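Here's the letter readout for the chains.
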Amino acid sequence: MSMTTIAPEQVNSIIKNQHHDPFEILGSHKVEKDGKHVWVVRAYLPNASAAWVVLPEERKQEEMQSVHDPNFFECIIDTEELANYQLKVKEEGQERVIYDPYAFRSPKLTEFDLHLFNEGNHHRIYEKLGAHFTEINGVKGVYFAVWAPNARNVSVLGDFNSWDGRKHQMRKSSDVGVWELFIPELKVGEHYKYEIKNPAGHIYEKSDPYGFAQEVRPKTASIVTDLDTYEWNDSEWMEKRRHTDQLSQPISVYEVHLGSWLHAGTDEPHKLPNGKTEPVVPVSDLKGGARFLTYRELAEKLIPYVKELGYTHIEVLPIAEHPFDGSWGYQVTGYYAPTSRFGSPEDFMYFVDECHKNDLGIIVDWVPGHFPKDGHGLAFFDGTHLYEHSDPRKGEHKGWGTLVFNYSRHEVRNFLTSNALFWFDKYHIDGIRVDAVASMLYLDYCREPGEWDTNQYGGRENLEAVEFIRSVNHLIFSYFPGSLSIAEESTSWPMVSWPTYTGGLGFNLKWNMGWMHDMLDYFSMDPWFRQFHQNNLTFSMWYHHSENFMLALSHDEVVHGKSNIIGKMPGDNWQKLANVRCLFAFMFAHPGKKTMFMSMEFGQWSEWNDWTDLQWNLLQSEPHQQLKTFFQNLNKLYRSEPALYTQDFEEPGFEWIDCSDNRHSVVSFIRRDKDSDDFIVAVCNFTPQPHSHYRIGVPESGFYTELFNSDAREYGGSNMGNLGGKWTDSWSTHNQEHSLDLCLPPLGVLVLKLDKDRTAEVMEEQ
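Description of the structure in this document. (Residues numbered from 1 in each chain as written. Predicted model: local features only at pLDDT ≥ 70, side-chain atom pairs only at ≥ 80, totals over all residues. Heavy atoms only, no water.)

Regarding the overall build of the protein chain
Moving on, step 1. Regarding its fold elements, the protein chain presents 16 helices and 38 strands.
Moving on, step 2. With respect to the principal axes defined by its C-alpha atoms, the protein chain has extents near 115 × 65 × 50 Å.
Moving on, step 3. By the burial criterion, 61% of the 766 residues in the protein chain qualify as buried.
Moving on, step 4. Long-range pairs, those at least 24 residues apart, make up 71% of the contacts in the protein chain with a sequence separation of at least 6. (Helix = DSSP H or I, 4+ residues; strand = E, 2+ residues; numbered from the N terminus. Buried < 20%, exposed > 50% of the residue type's maximum accessible area, 1.4 Å probe, protein only. Contact = heavy atoms within 4.5 Å.)

Brief notes about the packing of aromatic side chains
Moving on, step 1. Scanning the entire structure with this criterion turns up 67 aromatic pairs.
Moving on, step 2. Note on phenylalanine 212 and phenylalanine 422: the rings are 5.7 Å apart at their centroids and 10° apart in plane angle, and the pair reads as stacked. Remark: phenylalanine 422 occurs in helix α7 (residues 410-427) and phenylalanine 212 occurs in the loop between β15 (203-206) and β16 (222-223); sequence separation between them is 210 residues.
Moving on, step 3. Look at phenylalanine 212 and you get buried, because its relative accessible area is 7%.
Moving on, step 4. With 6.2 Å between their ring centres and 45° between their planes, tyrosine 479 and phenylalanine 480 make a pair best called tilted.
Moving on, step 5. Exposure remark for tyrosine 479: the relative accessible area of 36% places this residue in the partly exposed category.
Moving on, step 6. According to the relative accessible area criterion, phenylalanine 480 is buried, its value standing at 11%.
Moving on, step 7. Lying across the ring of tyrosine 479, arginine 124 places its NZ or CZ 5.1 Å from the centre.
Moving on, step 8. Sitting above the plane of the phenylalanine 679 ring, arginine 672 keeps its charged end 5.6 Å from the centroid. (Phe/Tyr/Trp six-rings, centres within 6.5 Å; stacked < 30°, edge-to-face > 60°. Lys NZ or Arg CZ within 6 Å of the ring centre and 35° of its normal.)

Focus on a negative patch on the surface
Moving on, step 1. Judged by side-chain charge, Asp757, Glu761, Glu764 and Glu765 come together as a negatively charged surface patch.
Moving on, step 2. Mapped onto the elements, aspartate 757 comes out in helix α16 (residues 756-765). (Patch = residues over 30% accessible without salt bridge, like charges linked within 9 Å, V, L, I, M, F, W, Y side chains within 5 Å. Areas by Shrake-Rupley, 256 points an atom, 1.4 Å probe, with all protein chains shown as cover. Salt bridge = Lys/Arg side-chain N within 4 Å of Asp/Glu carboxyl O. Lys, Arg positive; Asp, Glu negative; His and termini not counted. Charge placed at Lys NZ, Arg CZ, Asp CG, Glu CD.)

Notes on a nonpolar patch on the surface
Moving on, step 1. A cluster of nonpolar side chains, Trp528, Phe529 and Phe532, forms an exposed patch at the surface whose accessible area comes to about 380 Å².
Moving on, step 2. Mapping phenylalanine 532 onto the fold places it in the loop between α10 (513-524) and α11 (535-538).

Quick word on the environment of alanine 50
Moving on, step 1. The residue alanine 50 is located in strand β3 (residues 50-55) in this model.
Moving on, step 2. Distance in space between the C-alpha atoms of alanine 50 and phenylalanine 507 is 62 Å, their sequence separation being 457 residues.
Moving on, step 3. The residues contacting alanine 50, other than those within four sequence positions of it, are Phe73, Lys88, Val89 and Lys90.

Describing the side chain of aspartate 234
Moving on, step 1. Looking at the element boundaries, aspartate 234 is found in the loop between β16 and α3 (235-242).
Moving on, step 2. One buried charged residue, aspartate 234, remains without a salt bridge, the closest side chain of opposite sign being arginine 241 at 7.1 Å.
Moving on, step 3. In this structure the side chain of aspartate 234 is engaged in a polar contact, spanning 2.9 Å, whose partner is the side chain of histidine 428. (Polar contact = N/O pair within 3.5 Å; in protein donor to acceptor, adjacent residues only side chain to side chain.)

Notes on the pairing of β3
Moving on, step 1. Where burial is concerned, most of β3 is hidden: six out of the six residues are buried.
Moving on, step 2. Inspection of the sheet shows β3 paired to strand β4 (residues 60-63) by four bridges, in the antiparallel sense. When the sheet's bridge partners are listed, tryptophan 52 is paired in β4 with glutamate 63.
Moving on, step 3. The antiparallel pairing of β3 with β4 creates a hairpin that spans four residues between the two strands, and arginine 59 there sits at a positive phi of about 55°. (Pairing = 2+ DSSP bridges.)

Overview of the packing of helix α2 (residues 111-118) against α7
Moving on, step 1. Relative to each other, α2 and α7 sit at 95°, their axes nearing to 8 Å. The pairing of α2 with α7 is recorded here as roughly perpendicular in orientation. Contact residues: Leu116, Phe117 and Asn118 in α2; His410, Glu411 and Asn414 in α7.
Moving on, step 2. For the contact of α2 with α7, the per-class residue count stands at two nonpolar, three polar and one charged. (Axes fitted to C-alpha atoms, helices over the stretch in contact; angles between N-to-C directions. Parallel < 35°, antiparallel > 145°, perpendicular 65-115°, else oblique. Nonpolar A, V, L, I, M, F, W, Y, C, P; charged D, E, K, R; others polar.)

Focus on the nonpolar core
Moving on, step 1. The biggest cluster of nonpolar side chains holds 193 residues, and the ones touching the most others in it are Phe144, Trp261, Ile314, Phe351, Tyr387 and Phe584.
Moving on, step 2. Not counting chain neighbours up to four residues away, the residues in contact with tyrosine 387 comprise Trp147, Pro209, Tyr210, Phe371, Leu378, Phe381, Val404, Phe405, Asn406, Val412 and Phe415. (Core = buried A, V, L, I, M, F, W, Y, C linked by side-chain atoms within 4.5 Å.)

Notes on the pattern of salt bridges
Moving on, step 1. All chains considered together, the criterion is met by 38 salt bridges.
Moving on, step 2. Among the salt bridges present, the one from aspartate 425 reaches arginine 124, with a minimum N-O distance of 3.6 Å. You can see aspartate 425 sitting in helix α7 and its partner arginine 124 sitting in the loop between α2 and β9 (130-136), a full 301 residues away along the chain.
Moving on, step 3. What makes arginine 124 partly exposed here is its relative accessible area of 28%.
Moving on, step 4. Through salt bridges with shared partners, one network takes in Glu315, Asp365, Arg433, Asp435 and Glu488.

What about the sheet that holds strand β29 (residues 549-553)?
Moving on, step 1. Spatial strand order, β17-β20-β23-β26-β27-β28-β29-β30: eight strands in a closed barrel with parallel pairing. In this sheet, neighbouring strand axes are inclined to one another by 25° on average, regardless of whether the strands run parallel or antiparallel.
Moving on, step 2. Sitting on the sheet, α7 touches β23 (361-366), β26 (431-434) and β27 (484-487), and the angle it makes with β23 is about 160°.

Considering the sheet that holds strand β5 (residues 65-66)
Moving on, step 1. With respect to topology, four strands assemble into an open sheet ordered β1-β2-β6-β5, the strand pairing being antiparallel. Either end of the sheet is taken by a strand with one partner, and the two such strands are β1 (27-33) and β5.

Considering the side chain of asparagine 17
Moving on, step 1. Here asparagine 17 shows up in the loop between α1 (8-15) and β1.
Moving on, step 2. Ignoring sequence-local partners within four residues, the contact set of asparagine 17 consists of Arg152, Asn153, Ser155, Gly165, Gln169, Glu195 and Lys197.

Digging into the packing of helix α5 (residues 345-357) against α7
Moving on, step 1. Where α5 meets α7, the axes come as close as 10 Å, and the angle between the chain directions of the two elements is 75°. Regarding the angle of α5 to α7, the classification is roughly perpendicular. For the pair α5 and α7, contact is made by Pro345, Phe348, Met349 and Val352 and by Trp423, Lys426 and Tyr427, respectively.
Moving on, step 2. Of the residues in the contact of α5 with α7, the class split is six nonpolar, no polar and one charged.

Considerations on the environment of valine 97
Moving on, step 1. Secondary-structure assignment places valine 97 in strand β8 (residues 94-98).
Moving on, step 2. For valine 97, a relative accessible area of 41% translates into the label partly exposed.
Moving on, step 3. Linking valine 97 and valine 54, residues 43 residues apart in sequence, is a C-alpha distance of 8.2 Å.
Moving on, step 4. If sequence neighbours within four positions are ignored, valine 97 has contacts with Gln86, Leu87, Lys88 and Glu185.

As structure tokens, then:
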């Protein structure tokens, strides 16, 4: 049979890539011919000179005929049932046998999947959209699905089809706007993109928004990846986390930018235990001969370092794929792909697994507030403003040169919601730190009058973003109890860290930006002037119990000309280091969880430069090594004394002894344990003037052991102190019946605790 069953205009719609459902034309179709049913197989093979339909079960092949175009082939097969068939294709004199993608008609996305996605409630949409290695009808391959509702056509591009958008045209499966195609015999590791045409025929080549991996920058193709092959070894950690109230636990976070913590030489690639070497990724031209450490190297070097220092968590600046190193990861193009700068997704899983093996939690910075305009990313994705607002008054952050997500669109909200859950689900992370929350909450954020539009009630609150944030946090704690969701929120928006059922945003921690500014302003002053600014020390306790605060001295405080922490301090080098110790000892004694940025622990002089690594040579100097020892012991103290963390957010956990001695710039206070009657006394002297007889009131009589002294000789201090502790006197002061006569060291913090055993022993002897 040689007569064609298809009209020229139908063929042209395929050749010109203008058909929304190529399955209607291509593949196998049962038709009626001369009063009986026969099968017709059609294929568009742009580079083929000849083609055949191969019938393996019948051990024969039928030659296909060109119809209406030299590269459009059709074959009519006189049979009642057409079993699995293949295509034999002749291209440039070479023959190969392939499976026809258009023979696999059953969509992987169900109507229920599409319904949930359309209403914004498909919490694991990443298991459906994107590229997934799977098996259909006994044939292995990769299933592709992408949301592009306003596209005229979408094709899959890749090395497997010479990046020719005519070869693998996708089907628009529903009114939701999802395009899909199963390409048989593709394997994990294939590079691909989507070719998207808008109604005018303009072409956009896009990375996969749901892609699990991307090429190393500056390349931008997505990579087919199977995330289910890694064997996790952290079941005990995960189970323990489920039953842990994080707010009553010690949380001391080491914030790190993986790309600038430590570098290695490009001539020294990392060797794996099996003898193979990992790919080398150069840092930048600004530091020739340097390369990034891989995730596995970071597991070998960073994790032991952080564990030695005594922190409880590592927080990594965004590791989702981003094209520009200088964005620090905050301009994301691959929300579901850990950056390939440091290795593969499986390598990052190994890093997280090793963190848990070493009793370290892992927090990832997450950026749902904005995204860059890079052509391969989300911007103008299907030729329209799909992920962003079309109105620039809502859809653009001009100061950052980025676009704002359209939180009112269900599918966009679903993309972000499932992304947050994805990192907990697939990578076992323990928390997220949500970047720039204020930019999401306010429609007028960093916008001049006339550059923003009000909400429906005439206000400046972004109501859709508020609802999105609440929904994400509710789902995180529903699916992953014991997790952390931390807000970087710099305004007075109320109830940020309150549960959603009380009307809060649902985070369980909020960075205390007010405390950070007050402290840095205070410590930058000459100590003589501090007596006039006692309020900087005490003001945080006026509002502390309104939120679950985290005290953070982050990367933002040591860049853009701000100097590093030690450079902010007044005085000579000794006083600068003493001020640093004083600041952090006060921070760890103050209520609230803790975060500090890398390099602060050894007193780096220069501000953070993301193009190079830290000034590790400073550790050859004794003062800087002593500062590192200080942080080791400070973390040890913090983790060993429940009074310092069990009641961070409850009023009984904190009590001022004296906050009004501004003349000496001294404050003293009590921290109490929730589960016992233990308490800690902290006394802080913020001037270089020591006080040999400084009396404070205490609630109980007995011997108070000096647990910690920031002025100790081993930290580089003057070693003034109280010879291990002091007995109380029956001298009433500060509304207490008992008091201690203390020696306060210069720029020093003392932490004391009642030694009940020693006190009882002496009392019995008397």
